[in-house]
Amino acid sequence: MGSDFWDAAYGTPKPGQLHPFRAVRGAKHSAPATPGDLLFHLRARRQDLCFELAHRIADAFAGLAAVEDEVHGFRYFDERDLLGFVDGTENPAGAVAEAAALTGANDPFPGSSYVVVQRYTHDLSAWRGLSVEAQEAAVGRTKLEDLELPDEAKAPDAHIVLNVVEDADGRERKILRDNMPFGSLKDGTFGTYFIGYAADVSTTELMLERMFTGADGAAHDRLLDFSTAHTGGLFFVPSQTFLDDPAAGLQAAAAEVQATDPA
Ligand code: HEM
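This structure is a prediction, so every number in the text was calculated from the model and none was measured.

*Asks:* Explain the pairing of strand β10 (residues 233-237) to me, please; I cannot follow it from the model alone.
*Replies:* Within a regular strand, the side chains alternate between the two sheet faces. Among the 5 residues in β10, 4 count as buried, and that is most of the element. Bridge count for strand β3 (residues 113-122) against β10 is 5 bridges, and the pairing is antiparallel. When the bridges of β10 are listed, V117 appears paired with G233.

See the structure below:
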């Protein structure tokens, strides 16, 4: 659910980190904000099931909502993106993934998440003009074996250098990514649909800031010289419990807010 949708549908209390996606403007590359009310992320091993469910959802919303963007992703070899690199290797798993992606029991909206999505397209001919070594320097990992480059060999503007962020205690701040490749030969479109879930969306926002405006001696993420962001949205992902009974969820959230901040 997007921020404006939440305001119109539920008002207060509102999930603490739900706000419109903040565009990021770098000196050379930008991440635009393209608002939306509802995002449906459908996943299955069979595409027909995703298509059928999407169709039923669209039917259910007929006359109430229009489809603004629609991307059909696919699995590409061993979970590679169209740049040819394995995408998702350093994703957290198990309990670490849960902690990274889901709000805790004391949150007014427990068991929820915040998802950031961006539709990127790649300039594949420019990318293919790079040597494999230069592509590996842009990502920070080897292409075929998907191994992290040694720290001393990593370029400051490598994708993974800018996206490893730490908290004040030196612990890595994680998000859970579920990027999907998509494309069209007729249109010459080769893309990555970035999908990042976080319990604390400021982690994702910090990564975006570093990618587009640079940090630690890097002007921007080298991948952005070959990848353009066309959309950007931030959505609150309610828990199943909330979706089953939003009125009860709102009541519980109000009580939790009251208990933690009686003022
Ligand atoms: C054009 C879009 C993107 C592409 C093609 C891409 C691709 C990749 C690849 C190939 C890796 C290395 C393998 C892995 O650990 O998954 C990676 C890592 C990562 N990416 Fe991206 N990515 C994109 C956008 C983003 C964005 C927008 C963010 C954050 C806002 C992000 C955050 C991360 C993080 C956190 C890692 C793991 C870093 C580590 O722990 O080593 N990526 N990405």
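Moving on from the coordinates now.
*Asks:* Is there a simple way to explain the pattern of salt bridges in this structure?
*Replies:* Where side chains of opposite charge bring their charged atoms close, a pairing between them can arise. Following the criterion strictly, the structure yields 21 salt bridges and no others. A salt bridge links D167 to R171, with the nearest nitrogen and oxygen atoms 3.4 Å apart. R222 is paired through a salt bridge with D225; the nearest N and O atoms lie 2.7 Å apart. Exposure remark for R222: the relative accessible area of 26% places this residue in the partly exposed category. Judged by relative accessible area, D225 falls into the partly exposed class, the value being 25%. Through salt bridges with shared partners, a single network forms among K28, R222 and D225.

*Asks:* I keep staring at the site of the ligand and nothing clicks. Help me out?
*Replies:* Taken together, 28 residues lie near the ligand, and G88, T89, E90, H159 and R177 sit nearest. A distance of 2.9 Å separates an oxygen atom of the ligand from a polar backbone atom of E90. H159 places a side-chain nitrogen or oxygen 2.8 Å from a nitrogen atom of the ligand. For the shell around the ligand, the secondary-structure elements that each account for two or more residues are β3, α6 (159-163), β8 (189-198) and α7 (201-213). When residues of the shell around the ligand are assigned to their parent elements, the largest contribution, 4 residues, is made by α7.

Rules behind the numbers
- Residues numbered from 1 in each chain as written.
- Predicted model: local features only at pLDDT ≥ 70, side-chain atom pairs only at ≥ 80, totals over all residues.
- Heavy atoms only, no water.
- Buried < 20%, exposed > 50% of the residue type's maximum accessible area, 1.4 Å probe, protein only.
- Helix = DSSP H or I, 4+ residues; strand = E, 2+ residues; numbered from the N terminus.
- Pairing = 2+ DSSP bridges.
- Salt bridge = Lys/Arg side-chain N within 4 Å of Asp/Glu carboxyl O.
- Near = heavy atom within 4 Å.
- Polar contact = N/O pair within 3.5 Å; in protein donor to acceptor, adjacent residues only side chain to side chain.

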